[in-house]
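# Examining the three-dimensional arrangement
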There are 2 protein chains.
Amino acid sequence: MSGRGNGEGVFEAAAPDWSFEDGEGAPRPQASLLSSAMVGSANRGRVLQALFDLGPTSRAELARRAGVNRTTISGIVQPLLDQQVLVEGEPIPSSEGGGKPARPLWFAPDARPICGMLLMPDSVRTCLVTLEGRISAEHVEAFGPSRGSDAIERAIAAATERTLAAAHREPLGIGVAVGGMVDTDRRSIIAVNLAPAMNGLQLGAALTRRFGLPAFLDHHPRALLVGDRWFGKGRGARHFAAVYTGEVLGGALYLGGRLYRGPSGAGGELGHTFVQVDGAVCSCGRRGCWETIATLGWLRREAQAAGIAEPERIDSARLVAFAEAGDAAAGELLDRYARNVAVGIANLEQTVAPNSYILHGDVVGGGERLKAAIAAHVRRLVPDRGTGELAFHLGETEDRAALLGAAGLVLSELLQFPL
Amino acid sequence: MSGRGNGEGVFEAAAPDWSFEDGEGAPRPQASLLSSAMVGSANRGRVLQALFDLGPTSRAELARRAGVNRTTISGIVQPLLDQQVLVEGEPIPSSEGGGKPARPLWFAPDARPICGMLLMPDSVRTCLVTLEGRISAEHVEAFGPSRGSDAIERAIAAATERTLAAAHREPLGIGVAVGGMVDTDRRSIIAVNLAPAMNGLQLGAALTRRFGLPAFLDHHPRALLVGDRWFGKGRGARHFAAVYTGEVLGGALYLGGRLYRGPSGAGGELGHTFVQVDGAVCSCGRRGCWETIATLGWLRREAQAAGIAEPERIDSARLVAFAEAGDAAAGELLDRYARNVAVGIANLEQTVAPNSYILHGDVVGGGERLKAAIAAHVRRLVPDRGTGELAFHLGETEDRAALLGAAGLVLSELLQFPL
DNA sequence: CATGTTAGTTTGAGGCTCGCACAAACATAG
DNA sequence: CTATGTTTGTGCGAGCCTCAAACTAACATG
């Protein structure tokens, strides 16, 4: 029956670098060659990824999609069934012309969950996420006014502890979305504005040591992207970008079918790209960063200048509401805001051409109206190559998107084989 | 002796998509799985790539670098030796401690060359390039004032014909650097400013049909990058960017050990990213593109305003010469020019963080002085992550860089297995 | 009930890398 | 000159993986 012997480490890469004890970067050989074992692991990952993207699917269908033999899929899938990672669903009656009914495969309902964590300057939020994207066992801890290093670590540990206690099976890992700069190789925090006590924190190593689970960090915008890739509008896409707007600006890229991370996890710091040389002074001390014209700070100042009611409380949602109520000044400001956001997206499109954008953060509150306005401006600002259209989507609401993204970091690491 | 049977298609991918007759995009399955044959092809490519990057190297050394068994390298390399793609060099005397002398492997001196082509609005230039980066059999054809479609195609064919006639062995393929927009998937030209007769030209398919060789196109900046990757400062790097400045601005990216191409080969159109919202009108009709402040056009206008001699003839080389001769106005303009170039590079660094930049085009004439000025400005404009330093290099002179790059396109395609 | 169609499994063959053992070619110490 | 150690490169069998072909199971249709 079953297994050809390749099932011992299901859901694990051939050489899982997160198994290293210390937090140092994995000593992965530079341009290593491929071995049969890696092929097995990589193909298993691709099959699971395809299953994820397609929903419940039969072996035959998976084989057709991947362009491989049915027997290959059977060989990959059988150990996963034996291990209860996957289950066979009810037979789907054959369509016209007859034929044996297909047995769709899907992740077991009681498959191992993922622990997602959102770490912000003033609080930590943890939860469990199922492979189908359901969130449960949510816990929040605030750090209190002192925000000392100890208090933060205690709060993180407490929240994680309570969330993990709710898991019926051991989670696949812990994914952390950090509201600050992260060194993804070292799985440590570089710096968090407003919470300097976190600077240099070796969080990945600490979580692994304490809870015995693999832990992965990334900064907030990249987590949003990863969440979209696994649980949202980016599912199955080969190229897309996530753009976060709010008090700050950030972004992340999915390029050529894989998450893009620069050296040490750099890249995507869109907020401090220049769109207005010698423009307004930015919080970073430079002039003319995109952040100076496409954040809530700009919006509030302009709302004040335009005489809009309660300018200090303005955001995309309220602005759109005013505009739709017929407030001309609000409509005009809405358009300028959309234009300013579009400028950075247009630059991104010219630079790496993801062609598809998922908007997160404050603009989500602006709904379809704001999205359409941004899209129109981007299309006007990008020279036409006559090849493909630009697509725009709205992401999930803020906390939910971040938690799903944090969980997605674990999936990316487990299924995204280092080829 | 020899071959384990994997040598029939040396230097060819498992499924060479350039073998398709028509110019349609290759119907490569979306997320295909890996097979043994692909492993062999990919590993062969990686070994050759490593050899390229390291220079003459013994099997044992290659095995150590790749972290694989010596027998594996032998198995990969033996068919290549049988086919005269590689040759064994003279034994290298063993160092201290004795041991059998190593036999370094290197590409055969009479290995198949590559045909490189540089296609500009007014002329075509072809040549042969050896695997060691030597250029020969250069031919140039001008299109004449009419620049009709027929004249252009005749000129291309004539130059190619003469260059190919000089090849002792059949070239591996034809690589074309195009001074315009290219659809790399379809291997066709989208548009060339100043030469609208080229628009829509299916050049890749035409060359393959006429000369029976695989042909690959890309736009000029990406060819420069590829040339750097194989024959220049980008050799062996995992991340770097090429930036071209001159009458126009362009760029290309090498990310995570592979050439980045967006959908249909988009990406890298840096010249029309916005750095000055509502700034000066650009040739594209928009306002504030990077091109409006970092091209020779800007430099000439500013030189005129600054009262520099012969402003219409100014370029980086002359500007640096003036500055070094003590012309204060030239020194001040040089610094502003460097700053303007640096703005776009800083944006690129913030977006994808290549960390390493190779400068091409006009700025090369400015030499170390201009390079240092640009580097200083970029370092000032990019927030410090405390992780890694930025590196800057000057590329080769203009035509040489482009021809090497065109040839490199063929290497990239043959050695860069689609994993 | 015979025939056609599709899903999934069994079996053997072929490719690839790996570990082990072995021959070849050096250096060094005695 | 001989014995020993070291490094390079080469057979050989084992293990893993995919593939093709043949086979069974489960449905439709006439």
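Residues numbered from 1 in each chain as written. Chains lettered and ligands numbered in written order. Predicted model: local features only at pLDDT ≥ 70, side-chain atom pairs only at ≥ 80, totals over all residues. Heavy atoms only, no water.

The name an unreviewed UniProt entry assigns to chain A is Putative NBD/HSP70 family sugar kinase, from the organism Prosthecomicrobium pneumaticum.

### Quick look at the overall build of chain A
Here is the rule we go by: Every helix listed is a DSSP run of H or I at least four residues long, and every strand listed is a run of E at least two residues long, numbered separately from the N terminus. Put simply, the radius of gyration uses C-alpha atoms, and a globule should come to 2.2 Å times the residue count raised to 0.38. Any residue under 20% of the maximum accessible area for its type is buried, any over 50% is exposed, and the rest in between are partly exposed; the area is computed with a 1.4 Å probe on protein chains only. Whether two residues are in contact is decided by their heavy atoms, any of which lying within 4.5 Å being enough. Values of accessible area rely on a 1.4 Å probe in the Shrake-Rupley scheme; residue burial ignores everything except the protein chains shown. Here Asp and Glu are counted as negative and Lys and Arg as positive; His is not counted, and neither are the chain ends. One atom stands in for each charge, and that atom is NZ of Lys, CZ of Arg, CG of Asp or CD of Glu.
Helices and strands together make up the secondary structure of chain A, namely 12 helices and 14 strands. For 419 residues, the compact-globule estimate of 2.2 N^0.38 gives 22 Å, and chain A sits close to it at 23 Å. With the C-alpha coordinates of chain A rotated into their principal frame, the extents come out at 75 × 60 × 40 Å. For chain A, buried positions account for 56% of its 419 residues. Partitioning the intrachain contacts of chain A with sequence separation of at least 6 by distance along the chain shows that 63% fall at a separation of at least 24. Working note: accessible area of chain A is about 17,000 Å², and carbon and sulfur atoms make up 50% of it. Counting 42 positive and 46 negative side-chain charges, chain A places the averaged centre of each group 4 Å from the other.

### Some details on the relation of the copies chain A and chain B
Counted only if it meets this: Least-squares superposition of the copies uses the C-alpha atoms of those residues scoring a pLDDT of at least 70 in each of them.
Between the two copies, chain A and chain B, the superposition gives an RMSD of 0.1 Å; the rotation angle is 180 degrees and the shift along the axis is 0.0 Å. The superposition of one copy onto the other is thereby described by a two-fold rotation axis. When the interface residues of chain A are mapped onto chain B, 100% of them are again interface residues, pointing to one common binding face.

### Overview of the packing of helix α8 (residues 316-324) of chain B against helix α9 (residues 328-352) of chain B
The packing of two helices is summarised by the inter-axis angle and the distance between the axes. Residues and elements named next belong to chain B. Applicable threshold: Comment: axis = line fitted to C-alpha atoms, over the contacting stretch for helices; angle = value between 0 and 180 degrees taken between N-to-C directions. What sets the label is the angle itself: under 35 degrees gives roughly parallel, over 145 gives roughly antiparallel, 65 to 115 gives roughly perpendicular, and the rest give oblique. If you view the pair so one helix is near and one far, a crossing is left-handed when the near helix is turned anticlockwise from the far one by less than a right angle, and right-handed when it is turned clockwise.
Across the interface, α8 lies against α9 with an axial gap of 8 Å and an inter-helix angle of 135 degrees. When the axis of α8 is compared with that of α9, the two are oblique. When the axes of α8 and α9 are compared, the crossing they make is left-handed. For the pair α8 and α9, the contacting residues are S316, L319, V320, F322 and A323 in the first and A330, G331, L333, L334 and Y337 in the second.

### Let's talk about the interface of chain A and chain B
A common way to state how big an interface is: give the accessible area lost once the parts meet. Where we set the bar: Buried area: the sum, over both parts, of the accessible surface (1.4 Å probe) that disappears when the two are put together. We define a salt bridge as a side-chain nitrogen of Lys or Arg found within 4 Å of a carboxyl oxygen belonging to Asp or Glu. Whenever a nitrogen or oxygen atom comes within 3.5 Å of another N or O atom, the pair is scored as a polar contact, on the condition that within protein one atom can donate a hydrogen and the other can accept it, and that pairs from neighbouring residues in sequence are kept only if both atoms are in side chains. Ten residue types, Ala, Val, Leu, Ile, Met, Phe, Trp, Tyr, Cys and Pro, are classed as nonpolar, four, Asp, Glu, Lys and Arg, as charged, and the remainder, Gly among them, as polar.
In this complex, chain A contributes 62 residues to the contact, which on the side of chain B involves 62 residues. In total, about 5,300 Å² of surface goes out of reach between chain A and chain B, with carbon and sulfur atoms giving 55% of it. The interface formed by chain A and chain B includes three salt bridges. Between A:R385 and B:E269 there is a salt bridge; the shortest N-O distance is 3.3 Å. Viewed at the interface, chain B and chain A are joined by 27 residue pairs in polar contact (both at pLDDT 80 or more). Looking at the side of chain A that touches chain B, the elements with two or more residues in it are α1 (36-54), α3 (70-82), β7 (181-183), β11 (249-255), α9 (328-352) and α11 (367-381) of chain A. For the side of chain A that touches chain B, the leading source of residues is α9(A), giving eight residues. Class assignment of the residues belonging to the side of chain A that touches chain B gives a composition of 33 nonpolar, 18 polar and 11 charged.

### Remarks on the protein's contact with DNA strand C
Put simply, the rule reads: In this text, near means that some heavy atom of the residue lies within 4 Å of the molecule or strand in question.
Surrounding DNA strand C, one finds 33 residues, the nearest of these being A:T71, A:S74, A:K100, B:N43 and B:T72. A share of 63% is what sugar and phosphate atoms reach among the atoms of DNA strand C within 4 Å of the protein. Contact distances for DNA strand C include 3.4 Å between a phosphate oxygen and a side-chain N or O atom of A:Q78. Interatomic distance of 3.1 Å between a backbone N/O atom of A:G99 and a base oxygen of DNA strand C. The residue inventory of the surface near DNA strand C, partitioned by class, reads eight nonpolar, 18 polar and seven charged.

### Thoughts on the pattern of salt bridges
On inspection of all chains with the given rule, the structure shows 51 salt bridges over all chains. With a closest N to O distance of 3.4 Å, B:D278 and A:R339 form a salt bridge. Of this pair, B:D278 sits in the loop between β12 (258-259) and α7 (296-305) while A:R339 sits in helix α9, which puts the two residues in different chains. The exposure class assigned to A:R339 is partly exposed, which follows from its relative accessible area of 22%. Connected through salt bridges with shared partners, the residues A:D218, A:R222, A:R261 and A:E413 form a single ionic network.

### With respect to the nonpolar core
So the rule is basically this: Nine residue types can take part in a nonpolar core, namely buried Ala, Val, Leu, Ile, Met, Phe, Trp, Tyr and Cys, and a core is a set of them joined through side-chain atoms within 4.5 Å.
Among the nonpolar cores identified, the biggest contains 98 residues, and A:W290, A:I345, A:I374, B:W290, B:I345 and B:I374 are the most heavily contacted of them. Residues within four places of A:I374 in sequence aside, it is in contact with A:A338, A:V341, A:A342, A:I345, A:L359 and A:V363.

### Overview of the pairing of strand β8 (residues 188-191) of chain B
Stated precisely, the cut-off is as follows: By definition, two strands form a pair when at least two bridges between them are found by DSSP.
Pairing analysis gives three bridges linking strand β7 (residues 181-183) of chain B to β8(B), with the strands arranged antiparallel. Along β8(B), the bridge assignment pairs B:M181 with B:A191.

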